[in-house]
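# Structure assessment
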Amino acid sequence: MNTPEHRTVIVVGGGPAGLPFAPVLGGWHPFFHASNVLQARYPQIADMFRQHTDSLLSLDMESMLHSGIPPADLFRVLHHPRQLYEGGDQIALKFRQQDPIDFLLLTQERVGGLWNNVPENLLTLSPGQWMEFAFHSLAEHVQETGKSYNVNDLIIKHRLIDYYHRIPERFGVADRVREWTRVTRVEPHEAGFLVTAVNVSDWSQRDPVTLRRPPFPESDDELTGEVQQYTCKYLVYAVGQRSKLRRLEVPGEDLPFVTQFYEKAQDLPGERVVVVGGGRSADWAATELHDAGRHVTYVMRQSRDLHWGLINQSRGGLPYYKRIAEILEGGSERLETVYDTSLTSIEAIDEGDRGVVTMASGDDTRQIEVDHVLKEIGGSADYSLLQGFEQPLQLVEKHDTYRFQVHQAKVHPHSYESIDIPNLYPGGYLAEGLGLVVIAMHGTTYAIVADILKKEGML
Ligand SMILES: Cc1cc2nc3c(=O)[nH]c(=O)nc-3n(C[C@H](O)[C@H](O)[C@H](O)COP(=O)(O)OP(=O)(O)OC[C@H]3O[C@@H](n4cnc5c(N)ncnc54)[C@H](O)[C@@H]3O)c2cc1C
């Protein structure tokens, strides 16, 4: 094995939580910019910063918190003083290039995180500009790339991923970003942390449709690439909420007609599909497959009331919820919802191309023949990479009204540093108390970088 390469900061994970660290650690720091919208809506905040000419990273985040403004919320308000975007001047932040700090970002797929692998036509739940980073508005990206779309509309996957993919080059930090690098262990070291990573660039060529899951390794047994070790003083742990895909744990779940990757209906030819799940991804797939002519049996462990709670809450604002409500209320024979039910086994028939799914609800069991089984059962944040620390991370469970759930790590609320492992920062909403959407978590980037730069005497 090579000698460990030392970096001051290592970021693990290049999704919407980890990726913005690259420009900000690379020296792009936020300064206050007078905004009429901020002045009108949050006059106390606008007045507080009117005279502030230093980088906002130099703020005393602990006092801000004590005066009732958590740093993530402060940066959110400066970035989004209102929900609608009408022009760059409303953003009360301007970014200027300052001294960078030595860092590397390691991520096992392309930057942009789970957005690389969501369905081709998936729309966000919120306006496109809520997914942007404060240092580069989506409107700016649209203009610079000669595109034309409304940043206040829900944004489709390929537009969002184009935005994320362009960030490293656009901010001159591409040489600090190592894609297709899977971190397998983070351990204590006299320098701070010892990070073991494996080159997984051979996975970049794998087809997720054939693979039947997103194209990155799921376990160390699948790793064959070169191992590289790094040491660092600070570590941002931004592996996201799906770094470990959930399993049904039933016989037959790895058969070739069972998949955990859904991009588009054409990838699931044939007639009958069982969709297993019950959250937003499953709703999306069941609706789209139905509209592509498939006969869908949609199996959920949850009750009818719970599912309809989500549909009714979402049908006003989200087009695909309007559509699923329309299909179900219209009584389409090609979308059957089966509630309070679990899959118990999957068996192959017809030389393995198709199968029989057995499901159970209480004492009742039922079997159906299918061409495909689509598992849309989500994943969980993987904290198991952290090994050998005196104090394990204390985790708390977080749910939101959109049915996302994740285990968050306890942190100091002014710096988002772990209370258990000094100099380790859970990235994005892996930190306790954060809302499970990009607009709620993005502000932590600035508080974390501020904390690191202060410790390094760079502010
Ligand atoms: C279907 C779906 C729709 C959503 N819609 C919205 C929405 O509309 N609006 C919104 O704000 N949020 C939405 N979310 C929430 C979503 O989680 C965020 O948008 C965002 O992607 C989370 O960013 P993240 O960086 O924390 O995690 P991720 O996007 O998961 O990124 C983490 C990255 O780290 C990588 N990684 C993990 N482990 C390792 C390792 N060991 N070594 C190296 N790299 C690793 C992962 O492969 C991934 O690339 C949605 C989520 C889902 C699942």
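For the structure, check the block above.
To start, this report covers the structure provided alongside it. Remember, predicted model here, so these are calculated numbers, not experimental data.

Thresholds applied
- Residues numbered from 1 in each chain as written.
- Predicted model: local features only at pLDDT ≥ 70, side-chain atom pairs only at ≥ 80, totals over all residues.
- Heavy atoms only, no water.
- Near = heavy atom within 4 Å.
- Polar contact = N/O pair within 3.5 Å; in protein donor to acceptor, adjacent residues only side chain to side chain.
- Areas by Shrake-Rupley, 256 points an atom, 1.4 Å probe, with all protein chains shown as cover.
- Helix = DSSP H or I, 4+ residues; strand = E, 2+ residues; numbered from the N terminus.
- Nonpolar A, V, L, I, M, F, W, Y, C, P; charged D, E, K, R; others polar.
- Buried < 20%, exposed > 50% of the residue type's maximum accessible area, 1.4 Å probe, protein only.
- Arc of directions from axis to C-beta.
- Contact = heavy atoms within 4.5 Å.
- Pairing = 2+ DSSP bridges.
- Axes fitted to C-alpha atoms, helices over the stretch in contact; angles between N-to-C directions.
- Phe/Tyr/Trp six-rings, centres within 6.5 Å; stacked < 30°, edge-to-face > 60°.
- Lys NZ or Arg CZ within 6 Å of the ring centre and 35° of its normal.
- 1 Å grid on protein atoms, 1.4 Å probe; cavity = no way out; pocket = protein on both sides within 12 Å on 5 of 7 lines; lining within 4 Å.
- Points joined across faces, edges and corners; volume = space filled by probe spheres on them.
- Salt bridge = Lys/Arg side-chain N within 4 Å of Asp/Glu carboxyl O.

## Some details on the site of the ligand
Around the ligand sit 32 residues in total, of which Glu109, Leu125, Gln241, Tyr429 and Val438 are the nearest. Contact between the ligand and valine 183: a nitrogen atom at 2.9 Å from a main-chain N or O atom of the residue. Coverage of the ligand by the protein chains reaches 97% of its 990 Å² of free accessible surface. Elements with a contribution of two residues or more to the shell around the ligand: strand 5 (123–127), strand 8 (181–189) and helix 12 (438–441). Classifying every residue of the shell around the ligand by side-chain character gives 16 nonpolar, 13 polar and three charged.

## A few points about helix 10 (residues 304–314)
Along an α-helix, a turn takes 3.6 residues, which lines up residues three or four apart on a common side. The complete set of buried residues in helix 10 reads His307, Trp308, Leu310, Ile311 and Ser314. One side of helix 10 carries all its buried residues, which in axial view fall inside an arc of 155 degrees. Where helix 10 is buried, its residues meet helix 9 (280–291), strand 14 (295–300) and helix 11 (319–329).

## Some thoughts on the sheet that holds strand 18 (residues 364–370)
Strand pairing in a sheet takes place through backbone hydrogen bonds and is either antiparallel or parallel in direction. On the basis of which strands lie adjacent, the open sheet formed by three strands has the order 16-17-18 and antiparallel pairing. Since the sheet does not close on itself, it has two edges, and those belong to strand 16 (342–349) and strand 18, each with one partner. Each adjacent strand pair in this sheet contributes to an overall mean axis angle of 20 degrees, direction not counted. Of the strand pairs in this sheet, strand 16 and strand 17 (residues 354–361) are connected by seven bridges, and their pairing is antiparallel. When the bridges of strand 17 are listed, leucine 343 appears paired with methionine 359.

## Considering the environment of glutamine 83
On the secondary structure map, glutamine 83 appears in the loop between helix 5 (71–79) and strand 3 (93–97). Between the alpha carbons of glutamine 83 and asparagine 152 there is a distance of 8.8 Å; along the sequence they are 69 residues apart. Discounting chain neighbours no more than four positions away, the residues touching glutamine 83 are Gln129, Trp130 and Asn152.

## A closer look at the packing of aromatic side chains
Counted according to the given criterion, the structure contains 14 aromatic pairs. Ring centres of tyrosine 237 and tyrosine 383 lie 6.0 Å apart, and the angle between their planes is 25 degrees; this geometry places the pair in the stacked category. Residue tyrosine 237 is located in strand 10 (residues 227–237), and its partner tyrosine 383 is located in the loop between strand 20 (379–380) and strand 21 (395–399); the two are separated by 146 residues in the primary sequence. Through a chain of ring-to-ring contacts, the aromatic side chains of Trp28, Phe75, Phe95, Phe133, Phe135, Tyr163, Tyr164, Phe171 and Tyr446 assemble into a single cluster. Above the ring of phenylalanine 171, the side-chain terminus of arginine 170 is found at 4.8 Å from the ring centroid. Between arginine 206 and the ring centre of tryptophan 203, over which it is positioned, the NZ or CZ distance is 4.0 Å.

## As for empty space enclosed by the protein
The full count for this structure, using the stated rule, is one cavity of 30 Å³ or more. Of the pockets and cavities examined, the largest cavity occupies roughly 50 Å³. Considering the residues around the largest cavity, the lining is formed by Phe75, Arg76, His79, His80, Trp130, Glu132, Ala134, Val438, Ile439, His442, Gly443 and Tyr446. Secondary structure elements with two or more residues in the lining of the largest cavity: helix 5 and helix 12. Examining the composition of the lining of the largest cavity, we find that three residues originate from one element, helix 5, more than from any other. Classifying every residue of the lining of the largest cavity by side-chain character gives six nonpolar, four polar and two charged.

## What to know about the pattern of salt bridges
In the structure shown here, the tally under the stated rule is 29 salt bridges. Across the salt bridge formed by arginine 7 and glutamate 5, the nearest N and O atoms sit 2.7 Å from each other. Residue arginine 7 is classed as buried on the basis of its relative accessible area, which comes to 16%. Three or more residues joined by partner-sharing salt bridges are found here, namely Glu5, Arg7, Asp102, Arg176 and Arg178.

## Things to note about unusual backbone geometry
Although it is not a glycine, tryptophan 180 adopts a positive phi angle of roughly 55 degrees. Mapped onto the elements of the fold, tryptophan 180 is located in the loop between strand 7 (177–178) and strand 8. Residue tryptophan 180 is classed as buried on the basis of its relative accessible area, which comes to 15%.

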